[in-house]
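# Topology and contacts: notes
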Amino acid sequence: MELPKFILGDNTDYPDSIFVIHTDFPRFVIDLKTDDVEWFEDFDENDEDELSSEAEGLILKATEFYDREVARYEED
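Residues numbered from 1 in each chain as written. Predicted model: local features only at pLDDT ≥ 70, side-chain atom pairs only at ≥ 80, totals over all residues. Heavy atoms only, no water.

## Observations regarding the sheet that holds strand β2 (residues 19-22)
To keep it simple, the criterion reads: By definition, two strands form a pair when at least two bridges between them are found by DSSP. Helix and strand definitions follow DSSP, with helices as H or I runs of at least four residues and strands as E runs of at least two, each counted in order from the N terminus. The convention used is that axes are lines fitted to C-alpha atoms, helices contributing only their stretch in contact, and that angles between N-to-C directions extend from 0 to 180 degrees. In this description, contact between two residues means that some pair of their heavy atoms is separated by no more than 4.5 Å.
Read from one edge to the other, the open sheet built from four strands follows the order β1-β2-β3-β4, with strand pairing classed as antiparallel. Across the chains shown, the open sheet's two edge strands, defined by having one partner strand only, are β1 (6-9) and β4 (36-39). On average, each strand axis in the sheet is tilted by 20° relative to the strand beside it, whichever way the strands run. Across four bridges, the pairing between β2 and strand β3 (residues 28-31) is antiparallel. Bridge pairing links F19 to D31 in β3. Strands in contact with helix α1 (residues 45-75) are β1, β2, β3 and β4; relative to β1, the strand with the most contacts, it is inclined by about 60°.

## Concerning the packing of aromatic side chains
Let me state the cut-off plainly: Two rings belonging to Phe, Tyr or Trp (six-membered ring only in the last case) form a pair when the distance between their centres is within 6.5 Å. Interplanar angles under 30 degrees mark stacking, angles over 60 mark edge-to-face geometry, and anything in between is tilted. Whether a residue is buried, partly exposed or exposed follows from its accessible area with a 1.4 Å probe, protein chains only, as a fraction of its type maximum: under 20%, in between, or over 50%, in that order.
For the coordinates displayed, the defined rule picks out three aromatic pairs. Considering the side-chain rings of F6 and F65, the 5.6 Å spacing of their centres and the 25° angle between planes classify their relative orientation as stacked. One end of the pair, F6, is in strand β1; the other, F65, is in helix α1, with 59 residues separating them in the sequence. For F6, a relative accessible area of 13% translates into the label buried. Owing to a relative accessible area of 12%, F65 belongs among the buried residues under this scheme.

## Observations regarding unusual backbone geometry
Note on backbone geometry: most residues besides glycine have negative phi, and most peptide bonds are trans. A cis geometry characterises the amide bond from F25 onward to P26, with omega recorded as -5°. The backbone of D35 shows a phi angle near 65°, a positive value even though the residue is not glycine. Within the secondary structure, D35 sits in the loop between β3 and β4.

Keep in mind these values describe shape, not function.
This is the structure in structure tokens:
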């Protein structure tokens, strides 16, 4: 099965939060309410420099994905 790069998620235990899950490397979940990011990968010190530069772009793409999805719901 091929997964989309981004998936929207919600949880009744966190009624005010909307989550975006990034399924490609590096995998993560971002809570758009708080901007908290949980990484599913283990990184060493050598990876952290590359991760910090890549993370900003991925988080921006996650936010753009959410905005696009909401706009599509509103069109219907």
